[in-house]
Every structure is written in C-alpha cells, then in structure tokens.
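What the coordinates show
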Amino acid sequence: MTTSQRIVVDPVTRIEGHLRIEAQTDAAGKITQAYSAGTMVRGIEIILRGRDPRDAWAFAQRICGVCTLVHGVASVRSVEDALHRAVPSYGIPRNAELIRNLMIATQYVHDHVMHFYHLHAFDWVDVVSSLKADPKATSTLAQSISSYSKSSPGYFSEVQKKIKTFVEQGQLGIFSNAYWGHPAYKLPPEANLMAVAHYLEALTWQREVVKLHTIFGGKNPHPNFVVGGMPCAISVQTSAGPQRGGGGQAATAVNMVGLQIVQNAIKQMQEFVDQVYVPDLLTIASFYKDWGGIGNTGGNFMAFGDLPEKSIWDKDSFLIPRGVILNGDLSTVHPIDLDTDDEIQEFVSHSWYQYGAGDAQGLHPFKGETALNFTGPKPPYEHLDVDKKYSWIKSPRWKGKVMEVGPLARVLLMYANGHKQTRELVDSTLKTLDVPVTALFSTLGRTAARGLESKIIADAMQGWYDALIANIKAGDVRTFNDQHWDPATWPNHMQGVGLMEAPRGGLSHWIVVDDARISNYQAVVPSTWNAGPRDAKGQPGPYEAALQDNHVLHDPKQPLEILRTVHSFDPCIACAVHVTDPHGEELVQVKVT
C-alpha cells in the first residue's frame, strides 16, 4: 500500500441490521479516520404515538428480531415507572421480578454464546485450517482446558469429516464469504477444529436453553409481557386439569413440570459457559494478546444497571450497578441523573433527523423528537459525505461525553464497585493471559468481558430460581399487580423511563403519556450509544473511536481487522431486513478507492 485509501465495508455482515463502515487509511494502511453509518431507519417511536401505553411493549419488542425480550421489558418498565412516579406505592410482585431476572439472564447467556461462536469467532478462527488438524491432538488440547464430555479423538474426527465434505462440495454455506487463509489468523489447526466443533455444538445447545423463555413468556422469540408483572400464572399442580382433560388454573400455568424445565435450562447454561465458552475464550485470546492494545474507545463507560434483588426502583439491590466511569478511572463511579436535561441527550448534527429548534442542540429523551430528514446521497453511491449528515443513528451523550455501553462497561462497573466474583474473574483472566490492566480497554477486553459476564450471570440464576421456588412453596404465587391497570385511575399526564441492561448495553425507553395515550416515545438503544456518528463537537462515536485506535490493515480488500473490532461490540442496528442488489441477490461489498 503506497497511498491513502478510503475503505468501504457495506453491509457489515454477521450482525443484526445494516451497518456501513468507511475508513480512511494512510500510506502504511493505518486507519486515521473511521465513520459508522446506520443505513436503515426504525421509526417505531412514530408508530407508537397515540397508542395505549399498555400495548406499547408488543410494538417496541419488534424493534429487533434478535434482542427479542429486551425491548418488551424496557417498554413495560417505562409504563410502570410512569405509574410509580405518579403513585409511589405502586410496584410489581416479587415473583414477577424474579421471573424477569431469569428471562433477562437467559437472554444474556444465550446471546453472548451465539455472538461468540456464530458471529464473532470467525474473525479469529480459520475454518478451512481445521482440515489440517490432528483429531487426537485436538482432543488433547480440549481435555487440557476443560472437562467437557465431548472431547474424544473420535468426536473431533467426525466434525472434521463434516467440514471436509462442505469444502470438497463447495458448500461451505454458513462458513462461506470469509477471509480464510488471511495472515492475521494465528490459531493452530487443532484450536480451529475445536472452535468449529463447539460452533456446531452451540447450535443444538441454544435450542434447549431458550425453553425458559417459552415457559414464562409463552414463546420465543418475542415472549409475552404485561404492565404490572408477568402474564404467566403459577400453579403447584403438574397436569392440565384434575383429570388431565384440560381446564383449571394449571391449563395455562407455569407448573412444577415447567419449572423443572427451567431448572434444567439453568444447569445447561452453567455447564456450557463453564466447560466450553470460557475455556475456548481464554484459549483463543492467548493467541491474540496484541489486540489488548487495539480498539480503545476513550475510556468512558456507562451502565443503567439491572437484575434487582428487590425492586427495579431499588438500584442499590442491582447485580449490575448503575453509573459512569470516565477516562478509564476505576477508582470513581459517577452517578446518573435520569431527569436532568443536560445529562442524557441525543444529538443529530450528523444524523438524518431534524430538531424543531435546530440540529446543533441535544435533546433529553423525554423531550426527544423523531422527525426523519434524509439528506444523503441517492443509492448507489461511492462514499458518504461525512462532513454533513451520514447516518440514521442518533448520537447519544452523557454530559456531552461519548459513552461506551455493553459487557465491558458492566464488568468494569462491577469491578469498580467491588463485586467479589467479578474482581476474581478479571484479575485471573489478566494473569492467565499475562496482559496489563490497560488491555481491558480494547477489542480483546471487550470480547473477554462478554464471556466473564456470562459466567457471573449464569451463576446468579440459581439464586433467583431458588427464591422463586421458595415463594411458591410458601404459598406466594402472585405474578401480577392489577392496581392502576385501568387508565381511568391514571393522572392526565405522566412520564417514565424503562431501563434495562440488554446484552449489548444500556437500553432505555422513555414514555410520555397524556390522557392515557402515548404522546412521545423515545428508545435509546445500546447500538445508538455505540454506533452513533460524530456529534456537533466532532467527537467520534465508540465504533469510530475504536477503529481509529491502532488498526493497520494487512489487505484493504480483506478488512478483517475492521470486522474484529466492530463485531466486538455485537452490533444490533435495527430489525433484520435482507439487503439485495437490483437483481434480488444478497449483496456484500468491500470497496477500496
């Protein structure tokens, strides 16, 4: 490479939604400027105006087909918060909080495992290289890092035969369209074969663990919720009626058979995280320790907190604490004021929206506006005009500062707050990999945090399950509070915010209700925080800042380095829609100009 080039990756694959990355490199191939653009618009906020707040969750949940339950939870919490602000005694039953915790935790573990193996692993794992592996040596490697039962030479030999058949028949399918053979791949063939085997294993595993969502929520994806608790009645009976002929409370209730399925799912999650995910993560990371110095977003992290031991309004009981870390300083956690106009704001200086009072100012979500204003080039186009508006994603800021949200932010906040297990896991991981603390603030750290968080949350699930069972045995089967369900009991005006920590980061739904109808609704999602474009001050968003930190491309036509860092955030841009060329074929382009 001898001259500066503009690299365009559009769409970025192995994510949810449609994301375009443009990166400017110098003559040595180092990225000097990066730009993140969401290329489709959601518009759910507009659809929700004028609707019954109690129905909002069903619409909001369709913001994403991958995140499934998180928007539903945030939406019902927003209405519940509005009611709680109006009537401070209002709350939801403890059983409902426990069930929500279990469902949210399942989403975490399921999502993180799926992301690691099916979306992110192939940035580090060379599938074709696994054909060169010795199955016996692979078995020795697998047994040296874990006691997982499926680790015999015969097992890995059978997996290798499957891969060979795919390659020889030219039917790589799910393993196609990657940069196999790229010199940035460092794993030995045996580690590659082990990882591919576990990729296939995770496909089967995930079908089982999501049964927890179907027990409590009726279906997956998009399980059911209700303002005031959970819509699942609990029964201590084991059948669908006195004579198993139907009818009675047990016909639609969560009974002891269903609860045993929940218990089994928890054990399966713990086993896979302990014996497969975390060992694989540490093994793969040991070959890519240089990535502990690549992908720093600037050191600012934020989490809203979640998984309450008591109530969602008792933030001191959260497993995941609320707060902000600035400049990588773990000695101080700054509080968040949700209602102050100048703390949480969204900017649209470089986004295809317009604000009534001008685009240079930021708006608090309670006063947020969603007015579409596309001024970009007509497709197809070569480059975006990044000096103007260039994305459908807004630019959220906290006190004017860029914030990274997600697993790394949460792990850092738990660490900073002195959470014992988190401190032990982080310190042990840094020691095992022999990397400095600064490696946390990187692409490697972001990827490692996701696995460590999975371990923390999977371990916490048993306590919530045991508490639920104890309540049921004590005769408490209440899951729904019908007080103030009737809008006739509501004040003429109320507003609230539904906060939760989605797998990808802090999620907030802000609702304003007038005369029992939604007058304003704003969803500020994790990938809004992370994937947003520059703001009025020219501050790059986290994706952009991370890509501008120490990335040197080996081959601009195979920008594996860009994918590694972008995928480390687990992008979720909007509801999945196929991107096609004029002939209806799926389109993936990498342009170098």
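Please read all numbers here as calculations on a predicted model, not as lab measurements. (Residues numbered from 1 in each chain as written. Predicted model: local features only at pLDDT ≥ 70, side-chain atom pairs only at ≥ 80, totals over all residues. Heavy atoms only, no water.)

**Remarks on the pattern of salt bridges**
Quick note on the threshold: The salt bridge criterion pairs a side-chain nitrogen of Lys or Arg with a carboxyl oxygen of Asp or Glu, the two atoms within 4 Å.
By the definition in use, this model includes 27 salt bridges. It is possible to trace a salt-bridge network through shared partners that takes in Arg6, Asp10, Arg20 and Glu22.

**Side note on the confidence of the model for the protein**
To be explicit about the condition: The predictor's confidence in any single residue is recorded as pLDDT, a number from 0 to 100. Throughout, a residue-residue contact means that at least one pair of heavy atoms, one from each residue, lies within 4.5 Å.
With 93% of its residues at a pLDDT of 70 or more, the protein has an overall mean of 92. In the predicted structure, residues 575–590 sits below a pLDDT of 50 and forms 30 contacts with residues beyond four places in sequence or in another chain.

**Let's talk about the side chain of Gln270**
What counts is decided by this rule: Secondary structure is summarised from DSSP: a helix means a run of H or I of at least four residues, a strand means a run of E of at least two, and numbering begins at the N terminus for each.
Among the secondary structure elements, Gln270 is positioned in helix α9 (residues 256–285). With sequence-adjacent residues up to four places away left out, Gln270 is seen in contact with Ala458, Asp459 and Gln462.

**With respect to the environment of Leu372**
Here Leu372 lies in the loop between β8 (344–347) and β9 (395–398). Considered as a pair, Leu372 and Ser317 are 55 residues apart in the sequence and their alpha carbons are 40 Å apart. Ignoring anything within four residues of it in the chain, the contact list for Leu372 reads Val41, Ile46, Trp352, Tyr353 and Trp392.

**Remarks on the nonpolar core**
The condition is simple: Buried Ala, Val, Leu, Ile, Met, Phe, Trp, Tyr and Cys residues that are joined via side-chain atoms within 4.5 Å together make up what is termed a nonpolar core. Only protein chains enter the accessibility calculation, which uses a 1.4 Å probe; a residue is then buried when its area is under 20% of its type maximum, exposed when over 50%, and partly exposed in between.
Leu102, Val113, Leu212, Phe216, Leu468 and Ile562 are the most contacted members of the largest nonpolar core, which totals 151 residues. In contact with Leu102, not counting residues within four places along its chain, are Leu212, Phe216, Ile266, Met461, Trp464, Tyr465 and Leu468. Among the nonpolar cores identified, the runner-up in size contains 17 residues, and Val324, Leu338, Leu499 and Trp510 belong to it.

**Some details on the packing of aromatic side chains**
Each aromatic ring pair is described using two quantities: the centre-to-centre distance and the angle formed by the ring planes. Selection rule: Between 30 and 60 degrees the pair is tilted, below 30 it is stacked and above 60 it is edge-to-face, where a pair is any two Phe, Tyr or Trp rings, Trp via its six-membered ring, whose centres lie within 6.5 Å.
Under the defined criterion, the tally for this structure stands at 22 aromatic pairs. Measuring from ring centre to ring centre gives 4.9 Å for Trp124 and Tyr288, while their planes differ by 65°; the resulting arrangement is edge-to-face. One end of the pair, Trp124, is in the loop between α4 (94–120) and α5 (135–145); the other, Tyr288, is in the loop between α9 and β4 (301–303), with 164 residues separating them in the sequence. By relative accessible area, Trp124 is classed as buried at 6%.

**Focus on the sheet that holds strand β11 (residues 505–514)**
So the rule is basically this: The criterion for strand pairing is that DSSP finds at least two bridges linking the strands in question. Between the N-to-C directions of two axes lies an angle of 0 to 180 degrees, each axis being a line fitted to C-alpha atoms and, for a helix, fitted only over the stretch in contact.
Strand order in the open sheet formed by three strands is β10-β11-β12, and the pairing between neighbours is antiparallel. A single partner strand is all that each edge strand has here, and the edge strands are β10 (493–502) and β12 (517–524). Averaged over all neighbouring strand pairs, the angle between strand axes comes to 15°, with direction disregarded. Examined bridge by bridge, β10 and β11 share 10 bridges and lie antiparallel to one another. Residue Val497 lies in a different strand from β11, and its bridge partner there is Trp510. Across the sheet, helix α3 (residues 69–86) lies against β10, β11 and β12, angled at about 140° from β10, the strand it touches most.

**Points about α9**
Note: α-helices contain 3.6 residues per turn, so residues at a spacing of three or four share the same orientation. Rules: What a helix should span is 1.5 Å times the count of its residues minus one. At any given residue, the bend is defined as the angle formed between two axes, one fitted to the seven residues that end at that position and one fitted to the seven that begin there. Identification of polar contacts relies on pairs of N or O atoms within 3.5 Å, with a donor-acceptor requirement for protein atoms, meaning one able to donate a hydrogen and the other able to accept it, and with residues adjacent in sequence counted only if both atoms are side-chain atoms.
With 30 residues, α9 extends 41 Å between its outermost C-alpha atoms, agreeing within 8% with the 44 Å of an ideal straight helix rising 1.5 Å per residue. Maximum bend of α9: about 40°, positioned at Val273. By the N-cap criterion, in which a side-chain oxygen at the helix start approaches the backbone nitrogen of a residue two or three places on, α9 is capped by Asn255, the distance to Val257 being 3.0 Å.

**Some thoughts on the pairing of β10**
When you tally the buried positions in β10, you get eight out of 10 residues, the bulk of the element. Count of turn residues in the β10/β11 antiparallel hairpin: two residues.

**A few points about the packing of α4 against helix α7 (residues 189–209)**
Note the cut-off: To sort the angles, those under 35 degrees are grouped as roughly parallel, those over 145 as roughly antiparallel, those from 65 to 115 as roughly perpendicular, and the leftovers as oblique. By definition, turning the near helix anticlockwise from the far helix through less than a right angle yields a left-handed crossing, and turning it clockwise yields a right-handed one. Put simply, Ala, Val, Leu, Ile, Met, Phe, Trp, Tyr, Cys and Pro go in the nonpolar bin, Asp, Glu, Lys and Arg in the charged bin, and everything else, Gly too, in the polar bin.
The N-to-C vectors of α4 and α7 enclose an angle of 155°; their axes lie 9 Å apart at closest approach. As far as their axial angle goes, α7 and α4 are roughly antiparallel. In the packing of α4 onto α7, the handedness of the crossing is left-handed. On the side of α4, the interface is formed by Thr106, Val109, His110, Val113, Met114, Tyr117 and His118, while α7 contributes Ala195, His198, Tyr199, Ala202, Leu203, Trp205, Gln206 and Val209. A per-class count over the contact of α4 with α7 returns 10 nonpolar, five polar and no charged.

**Observations regarding a nonpolar patch on the surface**
Inclusion rule: Patch criteria: residues need more than 30% relative accessible area and no salt bridge. Like-charged residues are merged within 9 Å; nonpolar side chains of Val, Leu, Ile, Met, Phe, Trp and Tyr are merged within 5 Å. Under the convention used here, a 1.4 Å probe and the Shrake-Rupley method define accessible areas, while residue burial counts only the protein chains that appear.
A cluster of nonpolar side chains, namely Val236, Met256 and Val477, defines an oily patch on the protein surface of about 220 Å² accessible area. Position of Val477 relative to the elements: it lies in the loop between α12 (443–473) and β10. Of the residues examined, Val477 reaches a relative accessible area of 32% and is grouped as partly exposed.

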